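# Architecture at a glance
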Amino acid sequence: MMSFFRIIVIGSAIVIAAVSDFPHLGPKAVQANATTPEKLWEGFSSPVGMAFDAAGHLYVAEWGAGRVSRIAPDGSRVTFADGLSGPSGLAVGRDGAIYVASYSRDEIYRFTPDGGRSVHVTGLATPAGIGFDPSGRLLIANRRTNQILGLSDKGQLIPVIDGLQTPVGAVQTPDGGYVVSNIGGGVTIVRPDGTRIEAGAGFGTPGPGVAMTKDGRVFVVDYGGKTVREVLPNGQSRAVADGLRSPVGLVLAPDGVSLLTAAWGDGAIYRITIPR
């Protein structure tokens, strides 16, 4: 995964120039008291994407091991799928299926809860983070084309946002806009009318982990730093957790009041209490 991020940064130089005219609204980093995360589990091999199913099982894509692990509510862990090539983004659909992006093979796989596997999407360009919008549409951060893509009901890939800066994660906000994590160029807020705000101040290098609460608060990992930050609607951000070693994955916990983050640097998963 370290090579994954180095490749992304090197390949972003031209893209940054293409979007340099985005508006900057002054200081974006808000001083706040960040909490110390609680370590829950360790021993993962380069964990990236994470998602919970309806029963409370946590699925973790392990880039370094080419597998997906599943953690039960009681904390027991099993290998759910292996033999994958660069598993990065991971999401659970309304149908209960588990979707996993292969960054190395430019594909997305669909797994049934009992482990049955099929190829769901092909023809991508280094897909990183994936997730579902409120309508149930699969969103894909297609890093190499600098796009967020949506998968239609008919299986067609449709551009949702173009002209980004090596995007690796995205969520759709309740107002119909988006927050996009760009590993080569900060965090971009896309308003419903298409206007954009750069919200990357305070981040070293944003990573694929983007999570949103039910009331629309958005959080992004700082892979190039040690924090998880809340991105505020006005383009500012504040650290809500500090002391992590290259956090990459992020997911809202089933309790709705905490986040789980996966740290690349020590292969551990931590819990973060969301501040009010």
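Use the structure listed above.
Residues numbered from 1 in each chain as written. Predicted model: local features only at pLDDT ≥ 70, side-chain atom pairs only at ≥ 80, totals over all residues. Heavy atoms only, no water.

In this section: the overall build of the chain. Secondary structure assignment for the chain yields two helices and 25 strands. Residues counted as buried form 57% of the 276 residues belonging to the chain. Here the contacts in the chain between residues at least 6 apart in sequence split such that 42% fall between residues at least 24 apart. (Helix = DSSP H or I, 4+ residues; strand = E, 2+ residues; numbered from the N terminus. Buried < 20%, exposed > 50% of the residue type's maximum accessible area, 1.4 Å probe, protein only. Contact = heavy atoms within 4.5 Å.)

Per the counting criterion, the structure on display carries nine salt bridges. Between D95 and R110 there is a salt bridge whose closest N-O contact spans 3.1 Å. Here the residue D95 occupies a position in the loop between β7 (87–92) and β8 (98–102), and R110 occupies one in strand β9 (residues 107–111), the gap between them amounting to 15 residues. According to the relative accessible area criterion, R110 is partly exposed, its value standing at 24%. Salt-bridge contacts for R238 lead to E230; the nearest nitrogen and oxygen are separated by 3.0 Å. As far as the burial class goes, R238 and E230 line up, both buried. Where salt bridges share partners, they join R217, E230 and R238 into one cluster. (Salt bridge = Lys/Arg side-chain N within 4 Å of Asp/Glu carboxyl O.)

Strand order in the open sheet made by the four strands is β15-β16-β17-β18, with antiparallel pairing throughout. Whereas interior strands pair on both sides, the edge strands pair on one side only; in this sheet they are β15 (167–172) and β18 (196–198). Averaged over all neighbouring strand pairs, the angle between strand axes comes to 20°, with direction disregarded. Note: β15 against strand β16 (residues 178–182), five bridges, orientation antiparallel. If you follow Q172 over to β16, its bridge partner there is Y178. (Pairing = 2+ DSSP bridges. Axes fitted to C-alpha atoms, helices over the stretch in contact; angles between N-to-C directions.)

This part covers the nonpolar core. Core analysis: the largest hydrophobic core is formed by 15 residues, its most contacted members being F219, V228, L250, L259 and I272. For this core, the secondary structure elements donating two or more residues are β20 (218–222), β22 (237–241), β23 (247–252), β24 (258–263) and β25 (268–273). When residues of this core are assigned to their parent elements, the largest contribution, three residues, is made by β25. Beyond its immediate stretch of four places on either side in the chain, F219 contacts G209, V210, A211, T213, V228, R229, E230, V240, L250, L259 and I274. In terms of nonpolar packing, the next biggest core, distinct from the first, is built from 13 residues, A51, A61, V92 and F111 among them. (Core = buried A, V, L, I, M, F, W, Y, C linked by side-chain atoms within 4.5 Å.)

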